[in-house]
Amino acid sequence: MPKLVFIIGPAGAGKTTLAKTLAKQHRPAFLDMDTLLRPAAETIMTLSGLDPTDRDSPVYKKHCRDLGYRITMDAALENLELGIDAYVIGPFTKEIEDPLWLDQELARMGASSQEVEVRAVYVYLRDDSVYRQRIMARGSELDVWKLDHWSEFSPSLTRKTIQWTSSASSILYWDNSEALSEEKLLQIERFIYGEKEA
């Protein structure tokens, strides 16, 4: 049974770094929404006469956001159909609040949670100050607006609850505020793969 592993959480939580660390060991399809969407988003924003690095304007949210999730999930479902595990990385802010979203996605490939083993790791940090430090440290031009409008942006960092119909045992909330030790990494691997595979 292929595994569909979501690495979810706010900007700066360390989703991609954590996912890459795990992927080096287990070699799944690695599908980071930001990476997959970037060429299309830059083209759409440029054609709209706007900053191609903008990820926070109404135009981006209207024309690019949902497109990014569609591209990413289509790629994930295609890999799952081939029996290949898939890691999907992104904020999934709207999607995790819809109890039916995951079932509807799996239904697109004629599958259900009985045929695909789903795991979701929600990565978060303990407070806004840690998020700000992490976002500043990564030095991405995609974060300029976030840092310049911190009071407007920071409410989006509030930890959310995944509302999918999945069992509680398939969801892990992970405080990523401290360095990722071998012991902590093993805890996440056991959650995703079970004792034997980890």
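Above this text sits the structure in question.
Not measured: the values here are computed from a predicted model. (Residues numbered from 1 in each chain as written. Predicted model: local features only at pLDDT ≥ 70, side-chain atom pairs only at ≥ 80, totals over all residues. Heavy atoms only, no water.)

## Quick look at the overall build of the chain
Alright, step 1. Within the chain, the regular secondary structure consists of eight helices and five strands.
Alright, step 2. Reading the chain from its N end, one meets helices and strands in the order β-α-β-α-α-β-α-β-α-α-α-β-α.
Alright, step 3. Taken over the C-alpha trace, the chain has a radius of gyration of 17 Å; the compact-globule value for 198 residues is 16 Å, and the two agree within 12%.
Alright, step 4. Along the longest, intermediate and shortest principal axes, the C-alpha atoms of the chain span 50 × 35 × 30 Å.
Alright, step 5. Across the 198 residues of the chain, 44% fall into the buried class.
Alright, step 6. By sequence separation, contacts in the chain at least 24 residues apart represent 73% of the contacts at least 6 residues apart.
Alright, step 7. Working note: accessible area of the chain is about 10300 Å², and carbon and sulfur atoms make up 51% of it.
Alright, step 8. Computed over 24 positive and 31 negative side-chain charges, the separation of the two mean positions in the chain equals 2 Å. (Helix = DSSP H or I, 4+ residues; strand = E, 2+ residues; numbered from the N terminus. Rg over C-alpha atoms; globule rule 2.2 N^0.38 Å. Buried < 20%, exposed > 50% of the residue type's maximum accessible area, 1.4 Å probe, protein only. Contact = heavy atoms within 4.5 Å. Areas by Shrake-Rupley, 256 points an atom, 1.4 Å probe, with all protein chains shown as cover. Lys, Arg positive; Asp, Glu negative; His and termini not counted. Charge placed at Lys NZ, Arg CZ, Asp CG, Glu CD.)

## Topic: the packing of aromatic side chains
Alright, step 1. A complete count under the given rule lists eight aromatic pairs for this structure.
Alright, step 2. Arranged with centres 4.7 Å apart and planes meeting at 65°, the rings of tyrosine 69 and phenylalanine 92 form a pair that is edge-to-face. In this pair, tyrosine 69 is assigned in helix H3 (residues 58-81) and phenylalanine 92 in the loop between strand E3 (86-90) and helix H4 (101-107), connecting sequence segments 23 residues apart.
Alright, step 3. Of the residues examined, phenylalanine 92 reaches a relative accessible area of 0% and is grouped as buried.
Alright, step 4. Between phenylalanine 92 and tryptophan 101, the aromatic rings sit 5.7 Å apart at their centres with planes inclined by 70°, giving edge-to-face as the arrangement. Both residues of the pair, phenylalanine 92 and tryptophan 101, count as buried.
Alright, step 5. Within the aromatic cluster, the residues linked to one another by ring pairs are Phe6, Tyr69, Phe92, Trp101 and Trp164.
Alright, step 6. The ring of tryptophan 150 has arginine 132 sitting right over it, with the charged end atom 5.0 Å from the ring centre.
Alright, step 7. Lying across the ring of tyrosine 124, arginine 159 places its NZ or CZ 4.8 Å from the centre. (Phe/Tyr/Trp six-rings, centres within 6.5 Å; stacked < 30°, edge-to-face > 60°. Lys NZ or Arg CZ within 6 Å of the ring centre and 35° of its normal.)

## Considering the layout of surface pockets
Alright, step 1. In this structure, the largest pocket encloses a volume near 1100 Å³.
Alright, step 2. Taken together, 38 residues make up the lining of the largest pocket; nearest its centre are Ala11, Asp34, Pro91, Arg138 and Lys146.
Alright, step 3. Of all the secondary structure elements, the ones that give two or more residues to the lining of the largest pocket are helix H1 (15-26), strand E2 (29-32), helix H2 (33-47), H3, E3, helix H5 (128-138), helix H6 (144-148) and helix H7 (150-153).
Alright, step 4. Among the residues making up the lining of the largest pocket, the classes are represented as 13 nonpolar, 10 polar and 15 charged. (1 Å grid on protein atoms, 1.4 Å probe; cavity = no way out; pocket = protein on both sides within 12 Å on 5 of 7 lines; lining within 4 Å. Points joined across faces, edges and corners; volume = space filled by probe spheres on them. Nonpolar A, V, L, I, M, F, W, Y, C, P; charged D, E, K, R; others polar.)

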